[in-house]
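Structural overview
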Amino acid sequence: MTTPPTHLAPPVDDQPPADSHEKPEAVRLFVLTAVVMLCGELMHQLFSIAVALLDPSALVEQAKQSRPSAAKEIGEANVTLLAYASIAIAALFALIIVLVLAIALRAVSKQASWASNAMKLLMVFGGYFALRVMLIFAIPASGSAVPTPVIALDGIMQIIAGVAGVCAIFFATQDETRKWVTKPGKHNSAHNTQNSHNS
């Protein structure tokens, strides 16, 4: 007759272990403030395009003063056309920068292989946006045909981008954020290996 076991095996915890790949609080706050920074910068660029299109006289006058002889030869209409072309090129360049920063932010969030460099890029532009806020109060507003509310909203967007940039820099300097972007490939590799074993 078989003797029953005197002890039972300890119960197995059915709950899965906590996900070690979850973003730390500092990383989440960095991503949030960086998103606000990029949204503010995008709105600023859109307002800048609208302001330039509503009143291109400053660009036209600058083109005339730079090369007055050439301006007389090509005519007033062509000078205005060149002014609008310069607005389009500048707008395209600015939007490409915002897109690159958005890609860099995604790299930090997803722990891409270049996450550390991506965070440094975001910190540089965050500092630039913060310094640009000072110019809003340092440079006096000149007479323009653009409605005052549009100019005021543009200034507000710049302030939002600058303040969010300072906050993003602060959260980027935290130890949790530095560890998040340091050697992300090993972290992801270990996480993927754990998932493969669990499956």
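Description of the structure in this document. (Residues numbered from 1 in each chain as written. Predicted model: local features only at pLDDT ≥ 70, side-chain atom pairs only at ≥ 80, totals over all residues. Heavy atoms only, no water.)

1. So, the packing of helix H1 (residues 25–54) against helix H5 (residues 115–138)
Formally: Lines fitted to C-alpha atoms define the axes here, with helix axes fitted over just the stretch in contact, and angles between the N-to-C directions of these axes take values from 0 to 180 degrees. Numbered from the N terminus, helices here are DSSP runs of H or I no shorter than four residues, and strands are runs of E no shorter than two. By the definition adopted for this analysis, an angle is roughly parallel if under 35 degrees, roughly antiparallel if over 145, roughly perpendicular if from 65 to 115, and oblique otherwise. Handedness of a crossing is defined here by the sense of rotation of the near helix relative to the far one, left-handed for an anticlockwise turn of less than a right angle and right-handed for a clockwise turn. Here, two residues are considered to be in contact whenever any of their heavy atoms come within 4.5 Å of each other.
One can describe the packing of H1 onto H5 by two numbers: an axis separation of 11 Å at closest approach and a directional angle of 55°. Here H1 is positioned oblique relative to H5, judged by the angle of their axes. As for the relative orientation of H1 and H5, their crossing is left-handed in sense. Note on element contacts: H5 touches H1 through Met119, Leu122, Gly126, Phe129 and Arg132, opposite Phe30, Met37, Glu41, His44 and Gln45.

2. Digging into the nonpolar core
Heads up, the rule is: Here the nonpolar core consists of buried residues drawn from Ala, Val, Leu, Ile, Met, Phe, Trp, Tyr and Cys, with membership extended through side-chain atoms lying within 4.5 Å. Three exposure classes are used, based on accessible area relative to the maximum for each residue type with a 1.4 Å probe and protein chains only: buried under 20%, partly exposed in between, and exposed over 50%.
Counting 22 residues, the largest nonpolar core has Phe30, Met37, Leu105, Val108, Met119, Leu122 and Val181 as its most contacted members. Broken down by secondary-structure element, the contributors of at least two residues to this core are H1, helix H4 (76–109), H5, helix H6 (148–172) and helix H7 (175–181). Among the elements that take part in this core, H1 stands out by supplying six residues, more than any other. Discounting chain neighbours no more than four positions away, the residues touching methionine 37 are Leu122, Gly126, Phe129, Ala161, Ala164 and Gly165.

3. Topic: H6
In plain terms, the rule: One less than the residue count of a helix, multiplied by 1.5 Å, gives the span that helix is expected to have.
For H6, with 25 residues, the first-to-last C-alpha span of 36 Å sits near the 36 Å given by 1.5 Å per residue. Taken residue by residue, H6 has Val150, Asp154, Gly155, Met157, Gln158, Ala161, Gly162, Ala164, Gly165, Ala168, Phe171 and Ala172 as its buried positions. The inward-facing, buried residues of H6 abut H1, H5 and H7.

As far as function goes, none of this settles anything; it's purely spatial.
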